[in-house]
Amino acid sequence: MRELFLAGQQAHIRWIDLPGTGAGPVRVFVHGLGCTSASDFAHIAAHPALGGGRALLVDLLGYGLSDRPADFDYRMESQAEAVAAVLDHLGLTDVDLVGHSMGGAVTIHLAAARPELVARLVVAEPNLYGGGGPFSSPVAAQDEDAFVAEGFARMVAGADRADYAARLRLADPRAVHRSAVALVEGSTPAPGDLLAALTVPRTYLVGELSLPEPDAEKVAGFGVPVIEIPGAGHNLMLDNPDGFATVLGRALADAPTSRPGHERA
């Protein structure tokens, strides 16, 4: 585990640096709401389909092993700045950036704000517009202090997946609430609009069990390749790790020449 002190937030952001054995761009993985990058992506980063390159598994502020600054707003734009600070600290540019769900929105903001840092972008069912979803909307509907005092414990106890409960227990309740509120409120410009305007190669991954998904249809209309992961729901990299890694490896290798449209892996 490595860490960087962010003076503006008076907090450490932490990540796992997997050195890898292959050449090529560094791959940076960013997790979703209530998760950690190691739990969601360590097995993907090490998968043979990705060729053994160096990978950074970043825990966003408030999640996993990173600090939990009480005054941080936990908006996607702010989290993107923190991840960019890690890349600047390491002297990295032209990375392959991979984000899931909330982390997808974070990576889109990062690619839009700092395009020199990103060579290729792959997002898996990201939050593209305000309004929230089945994870964030019920959280955002609660008062923040009430959620911290009682709602978070209910959320962990009521999680429909044991693996999600395990990941969620490592998150800061206030971070979860503020993140959820930010996802429901959305941003201006929205991640979906930013994704449409990006010039870096982009790929959108969607789980077969999540279909029909309106955002996937919108993204295909932007000219972004959309690839379906068979047998997977929203937690694509956990539901079908081999399928996810295989498609991700192909997307990162073929992104500059991928054809727009919706395809099945």
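Above this text is the structure in question.
Residues numbered from 1 in each chain as written. Predicted model: local features only at pLDDT ≥ 70, side-chain atom pairs only at ≥ 80, totals over all residues. Heavy atoms only, no water.

K.L.:
Explanation requested: the overall build of the chain in the structure shown.
P.N.:
Within the chain, the regular secondary structure consists of 11 helices and 9 strands. The globule rule puts the C-alpha radius of gyration for 265 residues at 18 Å, and the 17 Å found for the chain is close to it. Residues counted as buried form 53% of the 265 residues belonging to the chain. With the model as given, the accessible surface of the chain reaches about 10,400 Å², and the carbon-plus-sulfur share is 54%. Charge-centre separation for the chain: the mean point of 19 positive side chains lies 3 Å from the mean point of 32 negative side chains. (Helix = DSSP H or I, 4+ residues; strand = E, 2+ residues; numbered from the N terminus. Rg over C-alpha atoms; globule rule 2.2 N^0.38 Å. Buried < 20%, exposed > 50% of the residue type's maximum accessible area, 1.4 Å probe, protein only. Areas by Shrake-Rupley, 256 points an atom, 1.4 Å probe, with all protein chains shown as cover. Lys, Arg positive; Asp, Glu negative; His and termini not counted. Charge placed at Lys NZ, Arg CZ, Asp CG, Glu CD.)

K.L.:
Is there a simple way to explain the packing of helix H2 (residues 76–90) against helix H3 (residues 102–113) in this structure?
P.N.:
When two helices pack together, their arrangement is given by the angle between their axes and by how far apart the axes lie. Two numbers describe how H2 lies on H3: the axes approach to 8 Å, and their chain directions differ by 65°. Here H2 lies roughly perpendicular to H3, going by the angle between them. Between H2 and H3 the crossing geometry is right-handed. For the pair H2 and H3, contact is made by Met76, Glu77, Gln79, Ala80, Val83, Ala84 and Leu87 and by Met102, Ala105, Val106, His109 and Leu110, respectively. The class makeup of the residues in the contact of H2 with H3 is 9 nonpolar, 2 polar and 1 charged. (Axes fitted to C-alpha atoms, helices over the stretch in contact; angles between N-to-C directions. Parallel < 35°, antiparallel > 145°, perpendicular 65-115°, else oblique. Left-handed = near helix turned anticlockwise from the far one by under 90°. Contact = heavy atoms within 4.5 Å. Nonpolar A, V, L, I, M, F, W, Y, C, P; charged D, E, K, R; others polar.)

K.L.:
Whenever I open this one, unusual backbone geometry confuses me. Can you help?
P.N.:
Most peptide bonds take the trans configuration, and most residues that are not glycine carry a negative phi. Of note, the amide linkage connecting threonine 188 to proline 189 takes the cis form, showing an omega dihedral of 0°. Along the chain, the position of proline 189 falls in the loop between helix H7 (173–185) and helix H8 (191–197). Put simply, leucine 211 and proline 212 share a cis peptide bond, and its omega is 0°. Not every positive phi belongs to a glycine, and glutamine 10 is a case in point at roughly 50°.

K.L.:
What exactly am I supposed to notice about the nonpolar core here?
P.N.:
Within soluble globular proteins, side chains that are nonpolar generally end up buried alongside one another. One finds Leu56, Leu121, Val176 and Tyr204 to be the most contacted residues of the largest nonpolar core, which totals 63 residues. If you tally residues by element for this core, the top one is H2, at 8 residues. Those residues in contact with tyrosine 204, other than ones at most four positions away along the chain, are Val123, Glu125, Pro126, Leu128, Glu213, Asp215, Ala216, Val219, Val224, Pro225, Val226 and Ile227. Judged by nonpolar contacts, the second largest core, of 22 residues, contains Ala45, Ala124, Leu236 and Phe244. (Core = buried A, V, L, I, M, F, W, Y, C linked by side-chain atoms within 4.5 Å.)

K.L.:
Hey, could you run me through the environment of histidine 12 in this one?
P.N.:
Here histidine 12 is to be found in strand S2 (residues 11–18). Judged by relative accessible area, histidine 12 falls into the partly exposed class, the value being 21%. Distance in space between the C-alpha atoms of histidine 12 and aspartate 67 is 5.4 Å, their sequence separation being 55 residues. Once you skip the residues sitting within four places of it in the chain, histidine 12 turns out to touch Glu3, Leu4, Phe5, Leu61, Ser66 and Asp67.

K.L.:
Quick question: what am I supposed to make of helix H5 (residues 144–157) here?
P.N.:
For the α-helix, the turn length of 3.6 residues means that residues three or four positions removed from each other point alike. An ideal rise of 1.5 Å per residue puts 20 Å on 14 residues; H5 measures up with 18 Å between its terminal C-alpha atoms. In the structure, H5 departs most strongly from a straight axis at glutamate 150, where the bend amounts to approximately 55°. The N-terminus of H5 is capped by aspartate 143, whose side-chain oxygen sits 3.1 Å from the backbone nitrogen of aspartate 145. (Expected span 1.5 Å × (residues − 1). Bend = angle between axes of the 7 residues up to and from the residue. Polar contact = N/O pair within 3.5 Å; in protein donor to acceptor, adjacent residues only side chain to side chain.)

K.L.:
What is the right way to read the pattern of salt bridges from this model?
P.N.:
A side chain of one charge can pair with a side chain of the opposite charge when the charged atoms of the two come close. One pass over the full model with this rule turns up 18 salt bridges. A salt bridge links arginine 2 to aspartate 17; the shortest N-O distance between them is 3.0 Å. Here aspartate 17 lies in strand S2 and arginine 2 lies in strand S1 (residues 2–6), a separation of 15 residues in the sequence. Residue class for aspartate 17 comes out buried when judged on its relative accessible area of 18%. Here aspartate 163 and arginine 161 are joined by a salt bridge, their closest N and O atoms 2.8 Å apart. For arginine 161, a relative accessible area of 25% corresponds to the partly exposed category. In the salt-bridge network here, residues are joined through shared partners; they are Asp40, Arg161, Asp163, Arg167 and Asp239. (Salt bridge = Lys/Arg side-chain N within 4 Å of Asp/Glu carboxyl O.)

K.L.:
Mind showing me how you'd approach the environment of glycine 64 here?
P.N.:
Within the fold, glycine 64 resides in the loop between strand S4 (55–59) and H2. Along the backbone, glycine 64 and glycine 249 are 185 residues apart, and their C-alpha atoms lie at a distance of 25 Å. Ignoring sequence-local partners within four residues, the contact set of glycine 64 consists of Cys35, Thr36, Asp59 and Leu170.

K.L.:
Could you clarify how one ought to interpret the packing of aromatic side chains in this entry?
P.N.:
Centre distance and the angle of the planes are the two values used to describe a pair of aromatic rings. Throughout the structure, instances matching the rule amount to 5 aromatic pairs. Arranged with centres 5.0 Å apart and planes meeting at 35°, the rings of phenylalanine 29 and phenylalanine 41 form a pair that is tilted. You can see phenylalanine 29 sitting in strand S3 (residues 27–30) and its partner phenylalanine 41 sitting in helix H1 (residues 37–45), a full 12 residues away along the chain. Following the ring pairs from residue to residue traces out a cluster consisting of Phe29, Phe41 and Phe244. (Phe/Tyr/Trp six-rings, centres within 6.5 Å; stacked < 30°, edge-to-face > 60°.)

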